[in-house]
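One letter stands for each residue in the lines below.
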Amino acid sequence: MLDIQFIRDNPELVQRKTEEKGYKNINIAELLRLDEQRRGLLTEVEDLRAQRNILTAEMKGQKPSPEQIEQGKKLRERVTEGETKLRELDGQYWLALKAVPNVSLDIVPVGASEDENVVIRTYGEKPEFDFTPKNHWEIAEAKGWLDKERAAKIAGNRFVYLKGDLVLLEFALWQHGLNTLTNPEKLRAIITGAGLQNVSDKPFTPVLPPAMARTEVYQATGRLNKEEQTYKIEGEDLWLNASAEHTLSPMYIDEILPEVELPIRLVGYTTAFRREAGTYGKDTEGFLRLHQFNKLEMESFTTAETSFEEHLFLVAIQEHLMQTLGLHHQVLEKCTADIGLPNVKGVDLNVWLPGQGQYRETHTADYITDYQARPMKTRVRRTDGTIELVHTNDATAFSQRPLIAIIENFQTPEGDVIVPEVLRPYMGGRERI
RNA sequence: GGAGAGAUGGCAGAGUGGUCGAAUGCGCCGGACUCGAAAUCCGGUAUACAGUUUUACUGUAUCGAGGGUUCGAAUCCCUCUCUCUCCGCCA
């Protein structure tokens, strides 16, 4: 949610930025009309309440006269009438306000679709094979690592049984991610490597968060605008999370955090559930796009001045993690159409998949400023006593997708997979599986 | 799942229809005393929104959340959430 005062002060800017993101049906002038009406009515209602309070104070401990009671009744009627109108107007106003996307930074490329994302860095090169590389699902199925038929029998399409060494490899990935993010020395090296000397080297706190959240919480995070993506628990006011971010970012809802506690850095592991409505027939092979997958997610709460560098830091971590696996990838500055409603900027990492001959997204980093903190009322009390909204950043540490990249990039002619060196300690030292 | 108790400011804890945004204590901030500190004393110490004479003042709202009764609700009623105790069940 944007600051209404900011919209009042910059209506043209907000309208333009909204359109650049591809939101064609949002009318800022209309929102400001609602805002003005609402404030006018609010003043009226508050005046009536003030009159009522004065009348009540007059009565104090003594018995009210019939005239006073009569006057009070009239006032109550008018207050109730005003409040009813205000509630209706309020509903329209908040709906309109929440629909306004965050204002993208000027450095974000303007584009109409993800095709206009800009490659800003590339790591490594496409590996050469003296045989025809296979798809990850061909290898995984041959190895007995992937069973989709039985999963379909049990839960339907887009579910899998992952088995055997691939499961060990997945757990190795989580271990590698957690060990990196909880180690200040490694974080310092990443900070130095990225030229971000001012960034704190405070380690991430590992978290196993709830995998469900109430409607109220989901709405506050501004992430339930996609009900076609999120599973609802029948008979309960609960939704299955589509990312650890959904239960990490609202952790400090309604709280004022002391500045000394910032930055708060969390790395949460959870299973994510997505309905993937509207993607029928897309990416049905293998385990690239599932209804259920696991993910290690980073979440940061910082002050306003440090949030941009925090975002760059999270991206640097993502690049570092993929580099330690030796996977060729591109870093993309996402364009206005692709960064999403709450973002002012966003970065994707796309990894090369030789078995499919294309790049696919493994990581995303969202720079959100105070857009989520505002409805969540997550604030910081600065050392000088002033209270401000915190800034939030979230970014993927690892999902299961890098496993796909490992299988396809490090496959052998025999159909084995070479284990990346950094994962071997978690694989009993094995070099290939 | 059943029975009961409860939720008040940073914390503890008064308050059962009327000057209650809320006693008191602790904590915190400022001041006095002191060479300094402790102790003591004095003063201050919530958040959000709106308005204005816009670094200050005024108004409104907030006593878990939402709704209701009433001239008037922290206080009465209803619904929900959470916490605690006991029973049952379970990892």
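How each quantity is defined
- Residues numbered from 1 in each chain as written.
- Chains lettered and ligands numbered in written order.
- Predicted model: local features only at pLDDT ≥ 70, side-chain atom pairs only at ≥ 80, totals over all residues.
- Heavy atoms only, no water.
- Near = heavy atom within 4 Å.
- Polar contact = N/O pair within 3.5 Å; in protein donor to acceptor, adjacent residues only side chain to side chain.
- Phe/Tyr/Trp six-rings, centres within 6.5 Å; stacked < 30°, edge-to-face > 60°.
- Helix = DSSP H or I, 4+ residues; strand = E, 2+ residues; numbered from the N terminus.
- Buried < 20%, exposed > 50% of the residue type's maximum accessible area, 1.4 Å probe, protein only.
- Lys NZ or Arg CZ within 6 Å of the ring centre and 35° of its normal.
- Contact = heavy atoms within 4.5 Å.
- Arc of directions from axis to C-beta.
- Salt bridge = Lys/Arg side-chain N within 4 Å of Asp/Glu carboxyl O.
- Pairing = 2+ DSSP bridges.
- Axes fitted to C-alpha atoms, helices over the stretch in contact; angles between N-to-C directions.

1. Some details on the protein's contact with RNA strand B
Around RNA strand B lies a shell of 23 residues, among which R39, R49, M59, R76 and I387 are the nearest. When atoms of RNA strand B within 4 Å of the protein are sorted by moiety, sugar and phosphate together comprise 75%. A distance of 3.4 Å separates a sugar or linking oxygen of RNA strand B from a polar atom in the backbone of I69. With respect to RNA strand B, the side chain of R381 contributes an N or O atom lying 3.2 Å from a phosphate oxygen.

2. Observations concerning the packing of aromatic side chains
By the definition in use, this model includes seven aromatic pairs. Centre to centre, the rings of Y252 and F301 are 5.2 Å apart; their planes meet at 85°, and the pair counts as edge-to-face. Taken as a pair, Y252 in the loop between helix 10 (245–248) and strand 7 (256–258) and F301 in strand 9 (residues 292–302) lie far apart in primary sequence, 49 residues in all. On the basis of relative accessibility, which here comes to 0%, the residue F301 falls in the buried class. The ring of W352 carries K126 above its face, with NZ or CZ at 4.3 Å from the centroid. Here the basic side chain of K232 rests over the ring of W239, its NZ or CZ set 5.8 Å away from the ring centre.

3. Here we look at the environment of Q323
For Q323, the location among the structural elements is in helix 11 (residues 307–324). Accessibility expressed as a relative area gives 31% for Q323, which makes it partly exposed. Between the C-alpha atoms of Q323 and G124, which are 199 residues apart in sequence, the distance is 8.4 Å. Ignoring any residue separated from it by four or fewer positions in sequence, one finds Q323 in contact with Y123 and H329.

4. A look at helix 2 (residues 11–20)
Taken together, the buried positions of helix 2 are occupied by V14, K17, T18 and E20. The buried residues of helix 2 occupy one face: seen down the axis, they fall within an arc of 160°. Residues of helix 2 that are buried in the fold lie against helix 1 (4–9) and helix 3 (28–59). After helix 2 finishes, the residue G22 shows a positive phi value of roughly 95°.

5. Some thoughts on the pattern of salt bridges
Across all of its chains, the model carries 23 salt bridges by this definition. Put simply, D201 and R188 hold a salt bridge, and the shortest N to O gap is 2.4 Å. Taken together, the positions of D201 in the loop between helix 8 (184–193) and strand 4 (205–207) and R188 in helix 8 put the pair 13 residues apart, joining distant regions of the chain. For R188, a relative accessible area of 41% puts it in the partly exposed group. With its nearest N and O atoms 2.7 Å apart, the salt bridge here joins K295 to E297. The same class applies to K295 as to E297, namely buried. Residues participating in the shared-partner salt-bridge network are K143, E414, D416 and R432.

6. Let's talk about the sheet that holds strand 7
Sheet strands line up and pair through hydrogen bonds in the backbone, either parallel or antiparallel. Spatially, the three strands line up as an open sheet ordered 7-13-14, and their pairing is mixed. Sheet topology places strand 7 and strand 14 (387–389) at the edges, where each strand pairs with a single neighbour. Averaged over all pairs of adjacent strands, the angle between their axes in this sheet comes to 35°, without regard to strand direction. Relative to strand 13 (residues 379–381), strand 7 runs parallel, the two sharing three bridges. Counted as the bridge partner of P258 is R381 from strand 13.

7. Description of unusual backbone geometry
Here L262 and P263 are connected by a cis peptide whose omega angle stands at -5°. Not every positive phi belongs to a glycine, and K377 is a case in point at roughly 55°. For K377, a relative accessible area of 44% corresponds to the partly exposed category.

No statement about biological role is implied by the geometric values presented.
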